[in-house]
Amino acid sequence: MAGAAKVTGSVRKKAAAAGPKGKVRREAASPDIIAQSLDIIVSSLEDDKGENIVVIDLTGRASFADRMVIATGVADRQISAMAQHIERKLKDIGIKRVLVEGANGSDWVLLDTGDIVVHIFKPEARELYGLEKMWGAELDDGNEEAVTPV
């Protein structure tokens, strides 16, 4: 932040003047932990009556996660409860840092475990955003193994 030292003003202005930080590489997780977490997430969604559960393999396609899970819930309370249950079950196996966005009553809740990103939508929002189309097999020239409906 050599350039930031010359800028007067707030910390925010100094950070903006210094520019973006270098890329942070995500450490590869153990396949066992990913499989265990994925099993817990999918079974929790099934137990909570999540609909149209889909698992997308992002390995080698995205730097932010290895798997993406997409599910549909009927009501805000159901979606919020599904997110809370997943978060609690992952903490029970030692995954303490789960970031949750939108759990206070919205059409879409996102859980980021670092290795797995979980999207829980209302049906209209799921159709609107179309994440399966964005990340699905159509982009990989017939890679049918990338998307797994549960």
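Attention here is on the structure that accompanies the text. Computed from a predicted model, the values in this text were never measured in an experiment.

Calculation criteria
- Every residue gets a number counted from 1 within its own chain, in the order that chain's sequence is written.
- Restriction of local features to residues with pLDDT of at least 70 applies here, the model being predicted, together with a cutoff of 80 or more for giving and counting side-chain atom pairs; totals for whole chains, interfaces and linings are based on all residues.
- The basis for the side-chain values is all heavy atoms of the structure; hydrogens and waters are excluded.
- Where helices are involved, their axes are fitted lines through C-alpha atoms of the stretch in contact, as for all axes, and angles between N-to-C directions lie from 0 to 180°.
- A run of DSSP states H or I qualifies as a helix once it reaches four residues; a run of E qualifies as a strand once it reaches two. Both are numbered from the N-terminal end.
- In this scheme the handedness of a crossing depends on how the near helix is turned from the far one: anticlockwise by less than a right angle means left-handed, clockwise means right-handed.
- Contacts are assigned to residue pairs with any non-hydrogen atoms lying within 4.5 Å of each other.
- Gly counts as polar in this scheme, as do all residues outside two lists: the nonpolar Ala, Val, Leu, Ile, Met, Phe, Trp, Tyr, Cys and Pro, and the charged Asp, Glu, Lys and Arg.
- Here, nonpolar core means buried Ala, Val, Leu, Ile, Met, Phe, Trp, Tyr and Cys residues that are tied together by side-chain atoms lying within 4.5 Å of each other.
- Any residue under 20% of the maximum accessible area for its type is buried, any over 50% is exposed, and the rest in between are partly exposed; the area is computed with a 1.4 Å probe on protein chains only.
- Each Phe, Tyr or Trp ring (for Trp, its six-membered ring) is paired with any other whose centre lies within 6.5 Å, and the angle between the two planes then decides the class: stacked below 30 degrees, edge-to-face above 60, tilted in between.
- Each reported salt bridge corresponds to a side-chain nitrogen of Lys or Arg within 4 Å of a carboxyl oxygen of Asp or Glu.

Bringing the packing of helix α3 (residues 31–47) against helix α4 (residues 76–92) into the picture now. Any two packed helices are characterised by the angle at which their axes cross and by the distance between the axes. Across the interface, α3 lies against α4 with an axial gap of 10 Å and an inter-helix angle of 145°. By crossing handedness, the relation of α3 to α4 is classed as right-handed. Touching S37, I40, I41, S44, L45 and D47 of α3 are M82, H85, I86, K89 and L90, all from α4. For the contact of α3 with α4, the residue count by class is 6 nonpolar, 3 polar and 2 charged.

To continue, consider the nonpolar core. Within the largest apolar cluster, 22 residues are counted, with the highest numbers of intra-cluster contacts made by I41, L45, V69, I86, L111, V118 and I120. Per-element tally for this core: the top contributor is α3, with 6 residues. Excluding residues within four positions of it along the chain, I120 makes contact with L45, A71, G73, I79, M82, A83, I86, D107, W108, V109 and L111. In terms of nonpolar packing, the next biggest core, distinct from the first, is built from 12 residues, A65, M68, I70 and L131 among them.

A few words now on the packing of aromatic side chains. In total, this model carries 4 aromatic pairs according to the counting rule given. Plain terms: the ring middles of W108 and Y129 are 4.5 Å apart, the flat faces sit at 45° to each other, and that makes the pair tilted. With W108 in strand β4 (residues 108–112) and Y129 in helix α5 (residues 123–129), this pair connects stretches of sequence that are 21 residues apart. The class for W108 is partly exposed, based on a relative accessible area of 26%.

On to the pattern of salt bridges. Opposite charge on two side chains permits them to pair, given that their charged atoms come into close proximity. For the structure shown, the criterion picks out 5 salt bridges. Here R67 ties to D57 by a salt bridge, and the two come within 3.2 Å at their closest N and O atoms. Here R67 is found in strand β2 (residues 67–72), whereas its partner D57 is found in strand β1 (residues 51–57), with 10 residues between them in sequence. Given a relative accessible area of 27%, D57 falls into the partly exposed group. If you follow the salt bridges from partner to partner, you end up with D76, D107 and K122 in one network.

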